[in-house]
Amino acid sequence: MRKRKKKEEDDFIKIDLDSEEFDRKEPDEGDPDRKEPDDGESDEGDSFDEGEVSEDDDTTEKADIDQAEETAGTEEAAEAEETAEPEEAEEEFSEDINLTEMDLEDEPEVKEETEEEKAIRRHKRRKCAAIICGSIVGLLAAVYLGFAFYFESHFMFYTRINGTDFSMKNVSQVEEFMKKQVTDYVLTLEEAGGATEKIVGRDIALEYVPSEELKQCVKKQDNFLWPKSLWKHPKIQASIGVKYDEAALATVVAGLACMQAENQTPSVDAHPGFGTTAFEVVPEVVGTQIDAEKFNAALAEALNGFQAEMNLSECGVYLLPRFVSDSPEVLAATESMNSYLGAQITYDFNPNTEVVNSAVIAQWVKVNENMEVTFDAEAVKAYIASLAEKYDTKGKPRQFTTATGNTVTVEGGKYGWQMDQEAEYEALIANIQNAETVTREPAYKSRAASHGAMDVGSTYAEVDLSNQKAYFIKDGQVVLESDVVTGNPNKGNGTPQGTYSLTYKTRNAVLRGDRKPDGTYSYESPVKYWMPFNGGIGFHDASWQSSFGGSRYKSHGSHGCVNMPTSKAAEMYDLISEGTPVVCHY
């Protein structure tokens, strides 16, 4: 800025003060000190009154000289300013800025737009936008209608016919494709497990036969909704029109590996299965057993549709499980079976016990083919039978320690433990279904005194048939011993060995033999004490016997009863009671 100002001043000093042009010289238009003359100002740029114009020229010349001197002084001041401090330069720069702002203030003001002009301008913009939008809509409508008419005779975008893409093809193009493909046609069977087999068109004499179905498929298209095909791709299943030798096809099918029984495995329904502590749903297993009827129908559809592949699983030709993991029936059955596991039945075979807990129950609870919870009746009954085999004693030979300390084997008789297996089955199933926890004895048909080695316990009557002795043992101690006369074996009336229990006892009875045709009995014997234990065989007094013991029974033996002296019979009567075990042995 300073350099420009100095240059202007240099130029000004070079002007000839004596020249006439000096008096008439006007500032340049770019001079910042120039002022536009108003109506009353002189052309030279100085402000004078009209009266001052007539002053003497000398006076004007003198003023010009003074002005030149002043200008020279200004030049010297400018040179001094170049060496001045930065503060002075900043002041001068500020003055230049102020001068610039003054120039800007002198700029003419922009004329404000009227409301009418604004409205015209807005109208023009709207009209232009309407023309553009109309052009776009018209173009889109033309495209839309063009495709709509095009798809009256062509298949839409992404159209697949029997798995083959025929997008934007017409019927003739599709048929031409079919004719070219039929010669080398091969249908690939995609089987479960990834195996594949092929049916070759030549092997079944496959031929292409044009049909009207493709034309019907085109007509069925809603061509005015063609944009929908861009995201929802049309899939068409159509009988293309082929014929083949059905007998040859049957032969080919019969030879397929997937149709061989040995290569097929049946499907398995989802079902409850016992895990570590509870029943869980075991997932279904899809087998490879084929429904021949469904297979043949799917195969015919694939051939008629001229399909390249046939996925056996997707076609549903396999015999699928009836129940899957999330079937309500499976879930309900699993819940029901788990509820049964809450039962626990403890059998009391004092001193032994047998426990039916969840591990045992889990082996018995089953579901049938309709997913109905049942019990494996045979398994439950087998378990009960095993208990009977282990703990029943009735009818079984038993080891017996006699009053004299000998050990003998006693066979026969009706005494002993015998479970009522049918009644116990019903009771056990009820316990499980009600999820009961219980300790009890099983149901019995016959009971004994003890589950120990000698089920007769410690109180019983004993008859030693060999030594013709009778004993009564109470709490393990012999409290009665008597000679007796038992049945006569020589007459076929020998007293049978075995273990029995007293049926009842009574006083003053008459013992009678077989009834004769005339109404009389083979014998009639009144007794004071009668204690039967094996049908018509029992203890009683025998006043007609002259002696007891020894071998008398072989000659004067009874009809099977145990004859006792009256006094001993009376003692026995007082000691024995109904149900008391009676052991007869040799």
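For clarity, every value in this text was computed on a predicted model and none was experimentally measured. (Residues numbered from 1 in each chain as written. Predicted model: local features only at pLDDT ≥ 70, side-chain atom pairs only at ≥ 80, totals over all residues. Heavy atoms only, no water.)

## Re the overall build of the chain
Helices and strands together make up the secondary structure of the chain, namely 16 helices and 28 strands. A total of 586 residues make up the chain; the buried ones form 32% of that total. Counted over contacts in the chain with a minimum sequence separation of 6, partners at least 24 positions apart contribute 65%. Within the structure as shown, the chain displays about 35,800 Å² of accessible surface, and the carbon and sulfur contribution to it stands at 49%. (Helix = DSSP H or I, 4+ residues; strand = E, 2+ residues; numbered from the N terminus. Buried < 20%, exposed > 50% of the residue type's maximum accessible area, 1.4 Å probe, protein only. Contact = heavy atoms within 4.5 Å. Areas by Shrake-Rupley, 256 points an atom, 1.4 Å probe, with all protein chains shown as cover.)

## So, the sheet that holds strand 10 (residues 309-311)
Strand order in this open sheet of three strands is 4-3-10, and the pairing throughout is mixed. The open sheet has two edge strands with one neighbour each: strand 4 (196-200) and strand 10. On average, each strand axis in the sheet is tilted by 20° relative to the strand beside it, whichever way the strands run. With three bridges connecting them, strand 3 (residues 186-190) and strand 10 associate as parallel partners. (Pairing = 2+ DSSP bridges. Axes fitted to C-alpha atoms, helices over the stretch in contact; angles between N-to-C directions.)

## As for the pattern of salt bridges
Oppositely charged side chains can form a pair if their charged atoms are brought close together. Tallying each qualifying case throughout the model produces nine salt bridges. Residues Lys243 and Glu207 are paired through a salt bridge, measuring 3.7 Å at the closest nitrogen-oxygen approach. Within this pair, whereas Lys243 is found in strand 7 (residues 242-243), its partner Glu207 is found in strand 5 (residues 207-208), the two being separated by 36 residues in sequence. A salt bridge links Asp455 to Arg398; the shortest N-O distance between them is 2.9 Å. Of this pair, Asp455 sits in the loop between strand 19 (444-446) and strand 20 (460-464) while Arg398 sits in strand 15 (residues 398-401), placing them 57 residues apart in sequence. Among the residues examined, Asp455 registers a relative accessible area of 2% and is labelled buried. Here Arg398 falls in the buried class, since its relative accessible area comes to 9%. Among the charged side chains, a network of salt bridges with common partners joins Lys469, Glu481 and Asp483. (Salt bridge = Lys/Arg side-chain N within 4 Å of Asp/Glu carboxyl O.)

## Some details on a nonpolar patch on the surface
A surface patch of nonpolar side chains, amounting to about 290 Å² of accessible area, comprises Ile132, Ile136 and Leu140. Note that Leu140 resides in helix 5 (residues 115-150). (Patch = residues over 30% accessible without salt bridge, like charges linked within 9 Å, V, L, I, M, F, W, Y side chains within 5 Å.)

## What about the packing of aromatic side chains?
Both the distance between ring centres and the angle between the ring planes are used here to describe each pair of aromatic rings. Across all of its chains, the model carries 22 aromatic pairs by this definition. One aromatic cluster is present, built from ring pairs that chain together Tyr144, Phe147, Phe149, Tyr150, Phe151, Phe157, Phe224 and Trp226. Between the NZ or CZ atom of Lys505 and the centre of the ring of Tyr573, over which it lies, the distance is 4.7 Å. When the ring centre of Tyr521 is taken as origin, the NZ or CZ atom of Arg512, which lies over that ring, is 5.4 Å away. (Phe/Tyr/Trp six-rings, centres within 6.5 Å; stacked < 30°, edge-to-face > 60°. Lys NZ or Arg CZ within 6 Å of the ring centre and 35° of its normal.)

## Structural notes on the sheet that holds strand 1 (residues 160-161)
Strands sit in the order 2-1-6 across an open sheet of three strands; the sheet is mixed. A strand with exactly one partner marks an edge of an open sheet, and here the two such strands are strand 2 (164-165) and strand 6 (235-236). With two bridges connecting them, strand 1 and strand 2 associate as antiparallel partners. Directly across from Arg160, in strand 2, lies its bridge partner Asp165.

## Structural notes on the nonpolar core
Buried together is how nonpolar side chains tend to be arranged in soluble globular proteins. Core analysis: the biggest nonpolar cluster contains 38 residues, and Tyr347, Val356, Ile361, Trp364, Leu428 and Ile432 have the highest contact counts within it. Secondary-structure elements contributing two or more residues to this core are helix 11 (328-340), strand 11 (344-349), helix 12 (358-364), helix 13 (377-391), strand 16 (407-410), helix 14 (421-433) and strand 21 (469-474). Here the element with the most residues in this core is helix 13; it accounts for six residues. Counting 36 residues, the second-largest nonpolar core is a separate cluster that includes Val174, Val242, Met310 and Tyr318. (Core = buried A, V, L, I, M, F, W, Y, C linked by side-chain atoms within 4.5 Å.)

## A look at the side chain of Glu424
On the secondary structure map, Glu424 appears in helix 14. A residue is classified by how much of its surface remains accessible, and Glu424, at 0% relative accessible area, is buried. If we ignore the near neighbours within four places in the chain, the residues touching Glu424 are Tyr347, Ile384, Met419, Arg440, Pro442 and Ala443.

## Focus on the layout of surface pockets
Of the volumes computed, that of the second largest pocket is approximately 370 Å³. Looking at the second largest pocket, it is lined by 15 residues, and the ones nearest its centre are Gln237, Gln307, Glu309, Met310 and Glu314. Among the elements of the structure, helix 9 (292-304), strand 10 and helix 10 (312-315) are those that each provide at least two residues to the lining of the second largest pocket. Tallied by class, residues from the lining of the second largest pocket come to five nonpolar, six polar and four charged. (1 Å grid on protein atoms, 1.4 Å probe; cavity = no way out; pocket = protein on both sides within 12 Å on 5 of 7 lines; lining within 4 Å. Points joined across faces, edges and corners; volume = space filled by probe spheres on them. Nonpolar A, V, L, I, M, F, W, Y, C, P; charged D, E, K, R; others polar.)

## Brief notes about the side chain of Thr159
Mapped onto the elements of the fold, Thr159 is located in the loop between helix 5 and strand 1. A relative accessible area of 0% places Thr159 in the buried class. Engagement of the side chain of Thr159 in a polar contact is seen with the backbone oxygen of Met156, the distance being 2.8 Å. The contacts of Thr159, once residues within four sequence positions are left out, are Thr164, Asp165, Phe166, Ser167, Gln221, Pro234 and Ile236. (Polar contact = N/O pair within 3.5 Å; in protein donor to acceptor, adjacent residues only side chain to side chain.)

## Focus on the pairing of strand 12 (residues 352-356)
Looking at chain direction, strand 11 and strand 12 are connected through five bridges and run antiparallel. When the sheet's bridge partners are listed, Asp348 is paired in strand 12 with Thr353. In sequence, strand 11 turns back onto strand 12 through a hairpin of two residues.

## Here we look at the confidence of the model for the chain
On average, residues of the chain score 83 in pLDDT, and 81% of them reach the 70 mark or higher. In this model, residues 67-105 is a region of pLDDT below 50 whose contacts with residues beyond four sequence positions or in other chains number 16 contacts. (pLDDT = per-residue confidence, 0-100.)

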